[in-house]
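# Examination of the molecular architecture
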Amino acid sequence: MPSYAPSAPASLALPRRHSSYFPVVFSVLFLLTFAGSYRLAQVQPLLLFDAEGRRNIWKFVAGMFPPDLSWSFLSLLGRPILETIQISIMGTVVAVAIGFPLGLLATSSLTFKGILNERELANSRPRVLLRKTSYLLARAALSLFRTIPEFIWAFMFVRAVGLGPFPGVLAIGIAYAGMLGKVYSEMLEHVNPGPLEALQATGASKLAIIVYGLMPQALPNVVSYTLYRWECAVRASAILGFVGAGGIGQQLEISMRMFDFSQVITLVAILFVMVAGVDALSARARRAILGRQRV
Amino acid sequence: MYQLNQVSKVFGGRTIAVDDLDLKVRRGEKLALIGPSGAGKTTLFRMLNLTIPPTSGTLLFDALNVSSLHGRRLREVRRRIGTVYQQHNLVPRLQVVHNVLSGRLGAWSIWRSVRSLIRPQEADLAYEALSQVGIPEKLYDRTETLSGGQQQRVAIARALVQNPEVILADEPVSSVDPALAAGIVKLLIELSETYRKTLIMNLHSVDLALAHFPRIIGLRDGKISFDLPAAEVTDEHLAVLYAGSQTEIGEEVPSLAELRPVRSCQPRLTT
Ligand SMILES: Nc1ncnc2c1ncn2[C@@H]1O[C@H](COP(=O)(O)OP(=O)(O)O)[C@@H](O)[C@H]1O
Ligand SMILES: [Mg+2]
């Protein structure tokens, strides 16, 4: 260990901390960015309090009460509620179906790096190139999928396949495939490589190594993150209705357009209950899985 | 069985782990490798079981030059070599039966392998192997609930089920209670005698090596320091082998890589 001239005798016993300017530089940059954004984004808190704003907010809040709980309105909602749940489930299923294979390709420890490839790819540049290309393509696809928000995807799919829940499913499927694939690949890259090396040494194929070594180790994280994404999907499928992709959001959009805030508050309350319900459900599932792991 | 000619392994262009090594191992032979930590024993084993390729030199396995093998042919040769690791390298969450049967993965189709996770295929084979190592009652236990010594036995059972021609054991007892260590070493020797397997073992304990193996190789700085029948190994040989290296307890612990915090719209990930 290199020894520096001790500046503070009190810390002689401790290894010297490396100090650097980076934190300072970054703090200054951050503050400048923040100040700049504040102006550029035209943040004007006072706008909320001027006469016009106050009137609008008051109209909005007052209009909410009492919430519309008439049977004629509630009876309309059964189908959209179900639709929202179905969109979120099917969307998540599609996302896993697309995201998981792409996630495997985007896992560098599977495609071209590390112990599982060292021997296989030794002295073969074409094979290395091929593997690297598929890795990069998978990463690029995943990143494209998730940088375009699900809202925009829904907008495009409504144009492509028409109104209804199906474009919503596709939008969530594609956008979430991007997130799931990326996160899966990180989880798979961080499992203990020891067992994988041992499986490979028995002559197991790469698929068998994935099934016996990689998945059992990563499964709790993978399942728990997928469930969490499902919660996100319930929220998202509410918004997607705004562009005509079905579900409770479509009703929300209609009520808002008609300035019927008493219906809006009912819908928001229903959405809240749904998200909370899904949250509780997946928390239980998570506990079941993670609890089993601690045996 | 093995013939190594001028085999070297260099890591990162700088660290010479194995240096210009010549070695011949006959079929059915039992030999122990000893030497200080960092001598290159593990690296040599990982070349012998075709996990990593040598940087230079030729490695013949059963008179077969393995340097150009890949894909299915490479897997077929790997199947003939069983390895027992210092850290067991079992999958903690799987039941013991699956960890034992993973020795069969080289022989099974992928469908059979997947089906076995639902309903163990050839469970009798696993049971038999576990009986050989003395813990048949653990067949359906979760592997991570076993003690270190028991897990090492599971790893040996995995190698038995694989039914290889060579067993490589890399310090199989250094993470086991010393009282159990001799038992496991003897077990491996007996099993390889019963089934006529070649056995190559890295050992931290010189006493165990000298007591149980007919041929001893001392490895230091990636080179062979001596290669002698156990009876001819003297204190001077050992003094040279271990000169300047303090015998250390507790080697590297496997670092269960922690998950980096995952980026998401609302990050909240149970780890
Ligand atoms: N994957 C690796 N990358 C870089 N260096 C390594 C790697 N594996 C081993 N080494 C180095 O090679 C040398 C020999 O290590 P090793 O074969 O583990 O010795 P031993 O098993 O005899 O203790 C050590 O200096 C070690 O740091
Ligand atoms: Mg070692």
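Every value quoted in this text rests on a predicted model; they were computed, and no experiment measured them.

### Some words on the overall build of chain A
Along the backbone of chain A there are 11 helices and zero strands. At 26 Å, chain A has a C-alpha radius of gyration far larger than the 19 Å of a compact globule built from 295 residues. Across the 295 residues of chain A, 45% fall into the buried class. Of the contacts formed within chain A by residues at least 6 apart in sequence, a portion of 72% connects residues at least 24 apart. Accessible surface, chain A: about 16400 Å² in total, of which carbon and sulfur atoms supply 72%. Charged side chains of chain A number 26 positive and 14 negative; the gap between the two group centres comes to 8 Å.

### Some thoughts on the overall build of chain B
Per the secondary structure count, chain B includes nine helices and 10 strands. C-alpha extents for chain B along the principal axes are approximately 55 × 50 × 40 Å. Within chain B, the fraction of its 271 residues that count as buried is 50%. Long-range contacts, defined as pairs at least 24 residues apart, comprise 67% of the intrachain contacts of chain B with a sequence gap of at least 6. In the form shown here, chain B has an accessible surface area of approximately 12800 Å², with 50% of it arising from carbon and sulfur atoms.

### Quick notes on unusual backbone geometry
Residue and element names in this part refer to chain B. Of note in the backbone geometry, Glu 122 takes a positive phi value of approximately 55° without being a glycine. Residue Arg 196 is not a glycine yet carries a positive backbone phi of 55°. With respect to the helices and strands, Arg 196 occurs in the loop between helix H7 (178-194) and strand E8 (198-202). Classification of Arg 196 as exposed rests on a relative accessible area of 73%.

### As for the interface of chain A and chain B
The partner chain B presents 55 residues to the 48 residues of chain A that form the contact. Summing the contributions of chain A and of chain B, the shared interface buries around 4600 Å²; its carbon and sulfur component is 55%. Summed over the shared surface of chain A and chain B, the result is two salt bridges. A salt bridge links A:Glu118 to B:Lys9, with the shortest nitrogen-to-oxygen separation between them at 3.9 Å. Along the contact surface separating chain A from chain B lie eight residue pairs in polar contact (both at pLDDT 80 or more). Of all the secondary-structure elements, those providing two or more residues to the side of chain A that touches chain B are helix H5 (125-147), helix H7 (165-189), helix H8 (193-201), helix H9 (206-240) and helix H11 (261-293) of chain A. In terms of residues, the side of chain A that touches chain B owes the most to one element, H9(A), which gives 16 residues. Tallied by class, residues from the side of chain A that touches chain B come to 20 nonpolar, 13 polar and 15 charged.

### Some words on the domain arrangement of chain B
Residues and elements named next belong to chain B. As assigned here, chain B comprises domain 1 (2-80 + 164-264) and domain 2 (93-101 + 109-161). Each of domain 1 and domain 2 has a C-alpha centre, and these two points are 25 Å apart. Every contact between the two is made by eight residues of domain 1 and, on the other side, eight residues of domain 2. Here domain 1 packs against domain 2, burying approximately 880 Å² in sum over the two surfaces, 72% of which is carbon and sulfur. When the buried area of domain 1 at its contact with domain 2 is split by residue, Ile 184, Leu 187 and Leu 191 rank highest and sum to 43% of it. For the pair domain 1 and domain 2, the interface holds zero salt bridges. Between the two partners, domain 1 and domain 2, sit two residue pairs in polar contact (both at pLDDT 80 or more). The class makeup of the residues in the side of domain 1 that touches domain 2 is eight nonpolar, no polar and no charged.

### Quick look at the side chain of B:His88
All names here are of chain B. Looking at where His 88 falls in the secondary structure, it is placed in the loop between strand E6 (81-84) and helix H3 (96-101). In this structure His 88 comes out as buried when scored by relative accessible area, which is 10%. His 88 has contacts with Gly 148, Gln 151, Gln 152, Ala 155, Arg 158 and Ser 175, leaving out every residue within four places of it along the chain.

### Side note on the packing of aromatic side chains
Residue and element names in this part refer to chain A. Evaluation of the coordinates by the stated rule reveals eight aromatic pairs over all chains. Each ring, one from Phe 112 and one from Tyr 135, has its centre 4.9 Å from the other, and the planes form 70°; the classification is edge-to-face. Here Phe 112 is found in the loop between helix H4 (108-111) and H5, whereas its partner Tyr 135 is found in helix H5, with 23 residues between them in sequence. Here a set of aromatic residues connected by ring pairs shows up, and it is made of Phe 145, Trp 153 and Phe 157. Positioned above the aromatic ring of Phe 155, the side-chain terminus of Arg 159 is 4.2 Å from the ring centre. Its end group placed over the ring of Tyr 176, Arg 229 keeps NZ or CZ at 5.1 Å from the ring centre.

### Remarks on the side chain of B:Arg215
Residues and elements named next belong to chain B. Inspection of the secondary structure assignment puts Arg 215 in strand E9 (residues 215-220). In terms of polar contacts, Arg 215 uses its side chain to reach the backbone carbonyl oxygen of Lys 24, at 2.9 Å. A polar contact is formed between the side chain of Arg 215 and the side chain of Glu 29, at a distance of 3.0 Å. If sequence neighbours within four positions are ignored, Arg 215 has contacts with Leu 23, Lys 24, Val 25, Glu 29, Lys 30, Leu 31, Ala 32, Asp 227, Leu 228 and Pro 229.

### Examining the sheet that holds strand E2 (residues 15-25) of chain B
All names here are of chain B. Sheet architecture is open: four strands sit in the order E2-E1-E4-E5, paired in antiparallel fashion. At either end of the open sheet lies a strand with only one pairing partner, and these are E2 and strand E5 (64-65). Packing of helix H1 (residues 41-48) onto the sheet brings it into contact with strand E1 (2-11), E2 and strand E4 (56-61), and relative to E1 it is tilted by some 120°.

### Section: the site of ligand 1
Residue and element names in this part refer to chain B. Residues in contact with ligand 1, as listed here, are Phe 11, Thr 15, Ala 17, Pro 36, Ser 37, Gly 38, Ala 39, Gly 40, Lys 41, Thr 42 and Thr 43. Contacts to ligand 1 include Thr 42, whose side-chain N or O atom sits 2.7 Å from an oxygen atom. Note that an oxygen atom of ligand 1 is positioned 2.5 Å from one of the side-chain N or O atoms of Thr 43. Protein burial of ligand 1: of its 560 Å² of free accessible surface, 64% is covered by the chains. Counting residues per element, the ones that place at least two in the shell around ligand 1 are E2 and H1. For the shell around ligand 1, the leading source of residues is H1, giving three residues. Across the shell around ligand 1, the residue classes break down as four nonpolar, six polar and one charged.

### What about H7(B)?
Residue and element names in this part refer to chain B. The terminal C-alpha atoms of H7 lie 25 Å apart, and with 17 residues this matches the ideal 24 Å at 1.5 Å per residue to within 8%. Looking at H7, one finds that the buried residues are Ala 181, Ile 184, Val 185, Leu 187, Leu 188, Ile 189, Leu 191 and Ser 192. Next to the buried residues of H7 lie strand E3 (30-34), helix H5 (123-133), helix H6 (148-162), strand E7 (166-170), E8 and helix H8 (206-212). Directly after H7, the chain includes Arg 196, whose backbone phi takes a positive value near 55°.

Calculation criteria
- Residues numbered from 1 in each chain as written.
- Chains lettered and ligands numbered in written order.
- Predicted model: local features only at pLDDT ≥ 70, side-chain atom pairs only at ≥ 80, totals over all residues.
- Heavy atoms only, no water.
- Helix = DSSP H or I, 4+ residues; strand = E, 2+ residues; numbered from the N terminus.
- Rg over C-alpha atoms; globule rule 2.2 N^0.38 Å.
- Buried < 20%, exposed > 50% of the residue type's maximum accessible area, 1.4 Å probe, protein only.
- Contact = heavy atoms within 4.5 Å.
- Areas by Shrake-Rupley, 256 points an atom, 1.4 Å probe, with all protein chains shown as cover.
- Lys, Arg positive; Asp, Glu negative; His and termini not counted.
- Charge placed at Lys NZ, Arg CZ, Asp CG, Glu CD.
- Buried area = accessible area lost by both parts, 1.4 Å probe.
- Salt bridge = Lys/Arg side-chain N within 4 Å of Asp/Glu carboxyl O.
- Polar contact = N/O pair within 3.5 Å; in protein donor to acceptor, adjacent residues only side chain to side chain.
- Nonpolar A, V, L, I, M, F, W, Y, C, P; charged D, E, K, R; others polar.
- Domains from an automatic or database assignment.
- Phe/Tyr/Trp six-rings, centres within 6.5 Å; stacked < 30°, edge-to-face > 60°.
- Lys NZ or Arg CZ within 6 Å of the ring centre and 35° of its normal.
- Pairing = 2+ DSSP bridges.
- Axes fitted to C-alpha atoms, helices over the stretch in contact; angles between N-to-C directions.
- Near = heavy atom within 4 Å.
- Expected span 1.5 Å × (residues − 1).

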